[in-house]
Amino acid sequence: MGELEQLRRLGAGLVTAAPPLAADLPRRPWTFIQRWLAALGISGRALVIAAPALWLTIFFLIPLAIVFQVSLSQSAIRIPPYDPLITSDEGTVQMTLHLSNFIRLFEDPLYINAYLNSLKIAAISTIFALLIGYPMAYFIARSSDRWRNILLMLVILPFWSSFLLRVYAWIGMLKNEGIINNVLQGLGLIGAPIQFLQTDFAVYIGIVYTYLPFMILPLYTNLVKLDDSLLEASADLGSRPWQTFISVTLPLSIPGIVAGSMLVFIPAIGEYVIPSLLGGSGFLMIGRVLFDEFFSNRDWPMASALAFAMLIVVVVPIMFLQNAQNAVVSRK
Amino acid sequence: MAKKPIAADTRPWRDPAARPFVRIRHVTKKFGDISAVHDVSLDIYQGELFCLLGGSGSGKSTLLRMLAGFEEPTAGTIEIDGQDMAGVPPYHRPVNMMFQSYALFPHMTVEQNVGYGLKRENMPPRQIAERVAELLKLVKLEGYGQRKPNQLSGGQRQRVALARALAKQPKLLLLDEPLGALDKKLREETQFELVKIQETLGVTFVVVTHDQEEAMSLATRIGVMNLGEIAMIGEPTEIYEFPNSRFVANFIGSANMFEGVVVEDEPDHVRIRSADLGTDIYVGHGVDCAPDQILWWAIRPEKIMLTRERPAAADPGDANVIKGFVEDIAYLGDMTVYQVKLDNGKYMRVTKTNSRRGDPDAISWDETVWASWSNSAGSVLVS
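Criteria and cut-off values
- Residues numbered from 1 in each chain as written.
- Chains lettered and ligands numbered in written order.
- Predicted model: local features only at pLDDT ≥ 70, side-chain atom pairs only at ≥ 80, totals over all residues.
- Helix = DSSP H or I, 4+ residues; strand = E, 2+ residues; numbered from the N terminus.
- Rg over C-alpha atoms; globule rule 2.2 N^0.38 Å.
- Buried ≥ 20, exposed ≤ 12 C-beta atoms within 10 Å, placed from the backbone.
- Pairing = 2+ DSSP bridges.
- Axes fitted to C-alpha atoms, helices over the stretch in contact; angles between N-to-C directions.
- Contact = placed C-beta atoms within 7 Å.
- Nonpolar A, V, L, I, M, F, W, Y, C, P; charged D, E, K, R; others polar.
- pLDDT = per-residue confidence, 0-100.
- Parallel < 35°, antiparallel > 145°, perpendicular 65-115°, else oblique.
- Left-handed = near helix turned anticlockwise from the far one by under 90°.
- Core = buried A, V, L, I, M, F, W, Y, C linked by C-beta atoms within 7 Å.

This paragraph deals with the overall build of chain A. The secondary structure content of chain A amounts to 15 helices and 2 strands. Its C-alpha radius of gyration of 29 Å places chain A more than 25% over the 20 Å reference for a compact globule of 332 residues. The buried share of chain A, reckoned over its 332 residues, is 26%.

Note on sheets: strands pair through backbone hydrogen bonds, and any given pair is parallel or antiparallel. Residue and element names in this part refer to chain B. Reading across the sheet, the 5 strands line up as β15-β19-β16-β17-β18 and stay open at both edges, with antiparallel pairing between neighbours. Looking at which strands have only one partner, the edges of the open sheet turn out to be β15 (305–307) and β18 (347–353). Ignoring which end each strand starts from, the neighbouring axes of this sheet average 45° apart. Across 5 bridges, the pairing between strand β16 (residues 321–331) and strand β19 (residues 368–372) is antiparallel. Residue pairing across strands places phenylalanine 325 opposite threonine 368, the latter belonging to β19.

This part takes up unusual backbone geometry. The peptide bond linking isoleucine 79 of chain A to proline 80 of chain A adopts the cis configuration, its omega dihedral lying at -10°. Structurally, proline 80 of chain A can be placed in the loop between α3 (44–71) and β1 (86–89). Phi angles above zero are rare outside glycine, and asparagine 122 of chain B is one such case at about 60°. Following the sequence through the fold, asparagine 122 of chain B ends up in the loop between α2 (110–120) and α3 (125–138). The backbone of aspartate 366 of chain B shows a phi angle near 60°, a positive value even though the residue is not glycine. Structurally, the position occupied by aspartate 366 of chain B is in the loop between β18 and β19.

Now for the pairing of strand β14 (residues 294–299) of chain B. Residues and elements named next belong to chain B. The pairing of strand β11 (residues 256–265) with β14 spans 6 bridges and is antiparallel. Within the sheet, the bridge partner assigned to glycine 260 lies in β14 and is leucine 295. Bridge count between β14 and strand β20 (residues 379–381): 3 bridges; the pairing is antiparallel. The partner of tryptophan 296 across the bridge, within β20, is leucine 381.

What follows concerns the interface of chain B and chain A. Opposite the 18 residues of chain B that make contact, chain A presents 17 residues. Elements represented by at least two residues in the side of chain B that touches chain A include exactly β6 (95–98) and α2 of chain B. No other element matches α2 of chain B, which puts 3 residues into the side of chain B that touches chain A. When the residues that make up the side of chain B that touches chain A are grouped by side-chain class, the tally is 10 nonpolar, 5 polar and 3 charged.

Take the confidence of the model for chain B next. Looking at chain B as a whole, the pLDDT averages 89, with 97% of positions reaching at least 70. Scored as a complex, the prediction yields pTM 0.79 and ipTM 0.84.

All names here are of chain B. With antiparallel pairing, 5 strands are arranged side by side in an open sheet as β13-β12-β11-β14-β20. On the outer flanks of this sheet lie β13 (279–283) and β20, each paired with one strand and no other. Taken over all neighbouring pairs, the strand axes of this sheet differ in orientation by 40° on average, direction set aside.

On to the environment of leucine 212 of chain A. Residues and elements named next belong to chain A. Within the secondary structure layout, leucine 212 lies in helix α9 (residues 200–223). Among the residues examined, leucine 212 registers 21 C-beta atoms within 10 Å and is labelled buried. When the C-alpha atoms of leucine 212 and leucine 56 are compared, they prove to be 28 Å apart, with 156 residues separating the residues in sequence. Here leucine 212 is in contact with Ala129, Ile132 and Gly133, once residues within four sequence places are set aside.

Okay, the packing of helix α10 (residues 228–236) of chain A against helix α11 (residues 241–252) of chain A next. Residues and elements named next belong to chain A. Across the interface, α10 lies against α11 with an axial gap of 10 Å and an inter-helix angle of 135°. Taken together, α10 and α11 sit at an angle that is classed as oblique. Remark: the crossing between α10 and α11 carries right-handed chirality. On the side of α10, the interface is formed by Leu230, Leu231, Ser234 and Ala235, while α11 contributes Thr244, Ser247 and Val248. The class makeup of the residues in the contact of α10 with α11 is 4 nonpolar, 3 polar and no charged.

On to the nonpolar core. By size, the foremost hydrophobic cluster in this structure holds 104 residues, and its most contacted members are Cys51, Leu67, Ala163, Leu173, Leu174, Val206 and Val224 of chain B. If one sorts the elements of this core by residue count, helix α4 (residues 154–166) of chain B sits on top with 6 residues. Beyond its immediate sequence surroundings of up to four residues, alanine 163 of chain B is in contact with Val114, Leu135, Leu136, Leu138 and Val139 of chain B. The next biggest cluster of nonpolar side chains, apart from the first, holds 48 residues, and it includes Val70, Tyr134, Met262 and Ala268 of chain A.

Listed below in structure tokens is the structure:
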């Protein structure tokens with residue numbers, strides 16, 4: 001009925017070529033909101049962009065600014081444990097910027113070593129996650145539809161249990177009287193238990209295990225899109241399966257490799273829980289140093305400076321990888 | 001545009017002593033319980049342009065994929081150039097394929113795509129460059145060597161795919177719907193080029209297509225496939241003029257089909273009584289059939305003449321003439337299609353070439369007409 005009316009009016013409009021009246025527009029609540037906003041010069045598109053921008057500002061940029069501000073102040077015994085950046089005294093406003101924290105970062109080998117060690121651990125873990133994750137993702141992408149969903153489910157399944165619980169489970173596996181050592185001893189392969197826990201090896205296992213799904217999933221989404229006819233064309237032109245892999249599959253999966261590596265490398269740099277639980281007491285990673293500065297030394301400015309430096313350490317490789325990925329995508 | 005038939009006396013498929021280049025023997029391919037290809041035997045000769053024609057699901061693509069080596073036959077043998085192909089992987093076959101989707105490598109330039117197969121043969125880079133340039137010239141894509149596939153139009157991609165498939169000088173080139181993705185105009189031009197390239201290089205082509213026009217204009221011979229089996233193999237004229245079954249007659253072009261019973265079976269003629277048509281059909285040649293056998297008679301629309309007056313009966317017993325009523329006309333420019341309603345309510349489709357410009361005397365709607373045909377115009381079909 002209403003539609004009919006509208007059609008009729010539309011027809012009349014066509015005949016008389018009269019511009020439709022504003023009152024003829026459907027009366028929906030959001031039409032009024034839209035009109036009201038438009039009067040203020042705000043379009044719906046701007047609102048949609050504003051929502052995440054607002055979120056990022058409140059929960060990311062402002063806290064970041066606070067951390068930066070703290071990193072430029074001086075630690076003190078008070079609550080909060082640092083001197084305010086801006087002080088006012090008898091009508092003069094004074095701002096003191098202490099760069100000492102950042103200078104200390106470069107002077108004290110503890111911090112530099114922690115950074116380098118974090119980078120090394122994250123890089124090696126990423127490589128291992130890639131070496132293990134790629135074949136798994138490839139296999140899942142190539143399996144039949146029915147199996148594919150089951151296998152993907154299995155990859156995601158560990159997320160349903162607590163992360164801490166899973167790391168503790170590894171302690172149970174790796175400790176001297178743990179499952180692995182018991183089995184090896186029971187088989188008579190070793191005489192005395194091998195020290196796994198509190199070694200770099202245990203940390204690598206923990207990190208690779210925890211972040212493997214983040215490697216597999218982006219690789220999977222990339223590999224599953226790979227067109228079978230490209231592989232057939234390659235075989236048809238004389239390539240053995242391994243040659244096809246090197247010259248077709250691998251280059252076409254670079255975006256997936258980059259995405260997966262970023263998702264593993266970035267959190268692995270700042271990883272705190274895994275090295276503290278599985279690594280030795282002398283095991284230096286930046287996340288651990290940061291924790292110690294905050295909670296043991298109560299040196300908030302130093303910890304903030306560390307956090308800020310870490311951000312830079314992480315952001316720079318991301319920018320590189322992003323560039324590389326853009327280059328690959330635009331080349332396609 | 002059609003490929004000039006190889007001079008009649010050199011058509012190898014007519015020579016029983018000729019050695020086929022591809023020999024397919026009783027090949028069956030099953031996917032689970034379903035046979036995609038069922039007991040197909042087929043010989044293809046050197047230098048042929050053979051078309052496998054069929055609808056979707058007819059098994060034509062599966063047969064092609066078995067030639068390329070992407071599928072292994074469940075039963076039967078495939079020989080290419082005298083060599084049994086059982087267990088030979090695609091990368092060891094003297095065969096290249098042009099894919100329906102072209103399957104160009106998106107991360108490689110046109111040159112890299114075309115040179116891909118040559119690189120695998122460990123050809124020195126300079127020779128590869130020369131050969132690639134030669135091929136790009138052949139397909140008229142000089143100057144496009146540095147482009148990526150996504151910077152090319154559909155027609156250009158098709159030609160890159162062709163150049164890539166020809167690069168290794170295969171003895172047998174398989175083409176899966178080579179012109180399927182092109183628009184009509186481009187398709188007609190490309191058809192012509194494809195035939196020319198095939199003639200210049202002398203490569204044996206096996207083309208899979210669902211487009212009968214494409215098959216008719218390209219092929220030296222056509223294999224019509226239906227439900228995984230070969231329905232008929234023959235030269236385009238044989239397939240069109242002498243179909244061997246109702247399926248082939250209906251699949252290629254259009255045909256008027258009537259059921260009838262043999263009432264006279266002589267060595268020099270056959271008389272078919274057809275209630276379906278409403279008159280006797282007198283066929284001026286012997287047919288391999290039994291008296292009282294039910295069979296079908298098919299006639300192409302262009303082989304029927306329409307007249308206003310009853311033509312003098314040329315064939316004994318008032319056969320091969322029937323009265324009708326023009327119910328509908330479709331004017332197509334080059335010809336006119338008449339939908340003639342017979343007295344028994346059946347329809348007959350008749351086409352007439354418009355050889356006279358704007359003919360004022362043409363047969364028009366609602367006219368009573370006589371349809372007649374010569375005693376050799378139709379095909380008698382027993383299956």
